[in-house]
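Coordinate inspection notes
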Amino acid sequence: QVQLVESGGGLVQAGGSLRLSCAASGRALWNYGVGWFRQAPGKEREFVAGITRYNTYIPYPESVKGRFTISRDTAVSTVSLQMNSLKPEDTAIYYCAARESGIVDETPEYDYWGQGIQVTVSS
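My aim in this report is to walk through the structure given alongside it, one point at a time. Computed from a predicted model, the values in this text were never measured in an experiment. (Residues numbered from 1 in each chain as written. Predicted model: local features only at pLDDT ≥ 70, side-chain atom pairs only at ≥ 80, totals over all residues. Heavy atoms only, no water.)

**As for the pairing of strand β3 (residues 18-24)**
- Here β3 shows one buried face, formed by L18, L20, C22 and A24, and one open face, formed by R19, S21 and A23.
- Sheet topology places strand β1 (residues 4-7) next to β3; four bridges connect them, and they run antiparallel. The residue bridging L4 from the neighbouring strand is A24, located in β3.
- Bridge count between β3 and strand β7 (residues 78-83): five bridges; the pairing is antiparallel. From the neighbouring strand, R19 faces β7, where its bridge partner is Q82. (Buried < 20%, exposed > 50% of the residue type's maximum accessible area, 1.4 Å probe, protein only. Helix = DSSP H or I, 4+ residues; strand = E, 2+ residues; numbered from the N terminus. Pairing = 2+ DSSP bridges.)

Shown next, in the form of structure tokens:
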């Protein structure tokens, strides 16, 4: 069992920034592929960003390209999502997900999921 924990969410004004972090309780994430997904009320869960165990990437979706950046923090063994120039449309619950295979893609078919964390962007 892997327990994923997200942190760093909250309320921010449009144009502001937030940094989300994902950690696996009791272990490091170095050997997992990690993806970030989000889900707004009434909408499907959508892929936001992903990083493989080898620190390679797949393209960001157009909705966040140029504004969001995923990275690994080796010092604390976490995966972060830096979100800049936030828009009200970014308001959603954000989920961290991990795969033992170490790869990532845009489909929400991962081995482990966090409980989600709320991000709210006000106008």
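**Notes on the side chain of T52**
- Summarising the element assignment, T52 is placed in the loop between β5 (46-51) and β6 (68-73).
- Beyond its immediate sequence surroundings of up to four residues, T52 is in contact with Y32, G33, R72, G102, I103 and V104. (Contact = heavy atoms within 4.5 Å.)

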